[in-house]
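Fold and geometry: a report
Residue-level listing of the chains:
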Amino acid sequence: MKDRPFHLSTLVDFPDDCQRIEFTEDLVAQLIDRLHWMGVRRVYWNYYHAGHWEWFLAYGPLGGVAKTLENLGDPMRVGRRLAHERGMEFYAVIKPYENGVSHAHPKAVLAKDGIIGLPGIGGYYHVDPWVLARPELRVKARQADLPRGLDSSPVTRIQLRQRDATPLRIQPENLEIWTSDDNNGYRKRDLAFEVTEGAETCPRDVVDIDGNPVTRKGEEVRVLNVIGLNLLDPFIAVTTNFDDGEGTFTNTAVEMVRAFGPDDQPLPIVVASHKAIWRPQRDLRSGDLEYDTGLGGAVVRLDVSNSASVFDNVLSHADDAPDGVIAFAKGRNTYVSGSLCEGYPEVQAHWMEWVSDCIAAGVDGLDVRISCHSSWTDWPEIYGFNPPVAAEYERRYGVNPDVEPYDADLLGDVRGDLYDQFLHAARARLAAAGLPLHHHIEIESFRPDASPSRTRSRPGNITFHWRRWLRTGLADETTLFGRAWSPERLLSDGFVQNVLDEVETNAVPAHLSLPVGISKGDGGRLADQIEYSFHSGRLDGYTMYESAALYDRHHTGADGRLRFLPGLTEAVRERAEELGLT
């Protein structure tokens, strides 16, 4: 057992707290008081600058953000003061790559709210004003991988691929093709086409969004080829006329559909289905579909009803989640939606402004987190080829990776080195203020076998040199950030054990951060997870992610107070007392 104290902490991601509840200082005090009562002695608070808050303000119909900001000013400064008054530590968490959510809106939808967005294939991305004014500083796709002349290239064949060789119930008369000019409402087309059925060998191992095997390389899969087409429509969707939910034609979205042009040449495409993270209830008849936002690894069922009235949760990644549509658009997005490229001096200077703002707010230290909502894509391997990155790669290795053959590992090292320049500058500024620098080590996405659900949440084609952070004194403490695995699974995992070995060798305190949600709202289970982490002997703290999961974040009680979930915080307090953490 370590001699250092074990910290019980909570992460506050305040936009989640105040989307629907209008927070006053009294409500923030209620939250801080309850955390302190539970045994929390350290608060981590996600930092958002004024431009970030403009993005959240656009979701005014949710109710609470505008009034909360009117009541509080900068919420983080209020939280810091209240935490310090109670003797609690207070750390800001910055996310350098966070500048908006990676989902597009139809242009008209944003326009009616007076919002200008950045264009992508599926619509317009709403980003913060700094990025809106400098869109070329976002993480950019490789020039050699960006197709040209696709607008005039018709789709002549569509191939639909099942995950296995199970006999198909889809017959030619069951298939329908819908198209849209702007991805805002699709119409069924009365088209003449032929359909052939066959079998092919899967050319690669296919996994779903959570990393579970779907098809092994070399296995036989059934395919349908829709031929005799001449489609120039920007958005093309394939559905069936089944009206039930019993379908078996499944695959991941990116593997289910392929498109071919003249001379049967394959066309680069981005894909969509009825699945979405934000605005999840979609209907191709009346709205838009979500293209290239990292959900391409989700398993889709095609031969089921595509009526929105049939399904309740299109966000589900389960194999039996109904969808009823697979759609595609030609091309690739030139940029990720919002994440900025670390290679630009002006980007690093912008990030340093965040660091200075946190210092000015009186925090006790800064934690830096990689994962974000602004870099999600189904094709992370083609991004990260901005001019400063390409120039540094060419200086080191003599070739321009944007247009010439390159080594992906070397490119990742170049970008990781450029990112570390920011960390060193941040470390120096914090040290001058007498403050520590912490880092998130993302134990589910930094691993070599990371699932698509985790790699989508951070920029691709970059190596984050977490070992270097620990070995060179760049990290005063570290947060082991997980999202889906329990402490039992994490602390028995080989990669996590390697991280903990490195942490121990370099005497860097390590805190495990997991969502409250993995306890399923069971206070006893959450308390058990905290105790398991405490008794592991390899950790210095446990962070409950995030505070909004501890109470009803939609409504306050009749007395105007926060309504904490029954038994959840009480169980944590009781266990914290038993462990001597209060």
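The model shown is predicted, which means the values in this text are computed figures rather than measured ones. (Residues numbered from 1 in each chain as written. Predicted model: local features only at pLDDT ≥ 70, side-chain atom pairs only at ≥ 80, totals over all residues. Heavy atoms only, no water.)

1. So, the overall build of the protein
- Looking only at helices and strands, the protein features 17 helices and 27 strands.
- On C-alpha atoms alone, the protein measures out to a radius of gyration of 25 Å, which is about the 25 Å that the 2.2 N^0.38 rule sets for 582 residues.
- C-alpha atoms of the protein, sized along the principal axes, occupy 75 × 60 × 50 Å.
- The proportion of buried residues among the 582 residues of the protein is 58%.
- Across the protein, the fraction of contacts at a sequence separation of at least 24, relative to all contacts at a separation of at least 6, is 80%.
- When the accessible surface of the protein is totalled, it reaches about 22,200 Å², and 48% of it is carbon and sulfur.
- The distance from the centre of the 61 positive side-chain charges to the centre of the 87 negative ones in the protein is 1 Å. (Helix = DSSP H or I, 4+ residues; strand = E, 2+ residues; numbered from the N terminus. Rg over C-alpha atoms; globule rule 2.2 N^0.38 Å. Buried < 20%, exposed > 50% of the residue type's maximum accessible area, 1.4 Å probe, protein only. Contact = heavy atoms within 4.5 Å. Areas by Shrake-Rupley, 256 points an atom, 1.4 Å probe, with all protein chains shown as cover. Lys, Arg positive; Asp, Glu negative; His and termini not counted. Charge placed at Lys NZ, Arg CZ, Asp CG, Glu CD.)

2. So, helix α15 (residues 494–505)
- Compared with the 16 Å implied by 1.5 Å per residue over twelve residues, the 16 Å span of α15 between its first and last C-alpha is a close match.
- For α15, the full list of buried residues reads Phe-495, Val-496, Val-499, Leu-500, Glu-502 and Val-503. Seen along its axis, α15 keeps its buried residues to an arc of 160°; they face one direction. Within α15, the exposed residues directed more than 90 degrees away from the buried face are Glu-504 and Thr-505.
- You can read the cap of α15 off the contacts: a side-chain oxygen lies 3.0 Å from the backbone nitrogen of Phe-495, and it is on Asp-493.
- Looking at the residues trailing α15, positive phi occurs at Ala-507, about 55°. (Expected span 1.5 Å × (residues − 1). Arc of directions from axis to C-beta. Polar contact = N/O pair within 3.5 Å; in protein donor to acceptor, adjacent residues only side chain to side chain.)

3. Concerning the packing of aromatic side chains
- One pass over the full model with this rule turns up 27 aromatic pairs.
- Seen in terms of ring centroids, Tyr-97 and Trp-351 are 5.4 Å apart; in terms of plane orientation they differ by 70°. Their pairing is edge-to-face. Of this pair, Tyr-97 sits in the loop between β3 (89–94) and β4 (100–105) while Trp-351 is found in helix α9 (residues 345–360), placing the two residues 254 residues apart along the sequence.
- Residue Tyr-97 is classed as buried on the basis of its relative accessible area of 0%.
- Here the aromatic rings of Phe-446 and Phe-464 are separated by 5.6 Å at their centres, their planes lie at 15°, and the arrangement is stacked. Pair noted here: Phe-446 is in the loop between β24 (437–442) and α12 (452–455) and Phe-464 is in the loop between α12 and α13 (466–471), with a separation of 18 residues, a long-range link.
- Its relative accessible area of 12% is what places Phe-446 among the buried residues.
- The buried category is assigned to Phe-464, whose relative accessible area is 7%. (Phe/Tyr/Trp six-rings, centres within 6.5 Å; stacked < 30°, edge-to-face > 60°.)

The quantities given are spatial measurements derived from coordinates; they are silent on function.
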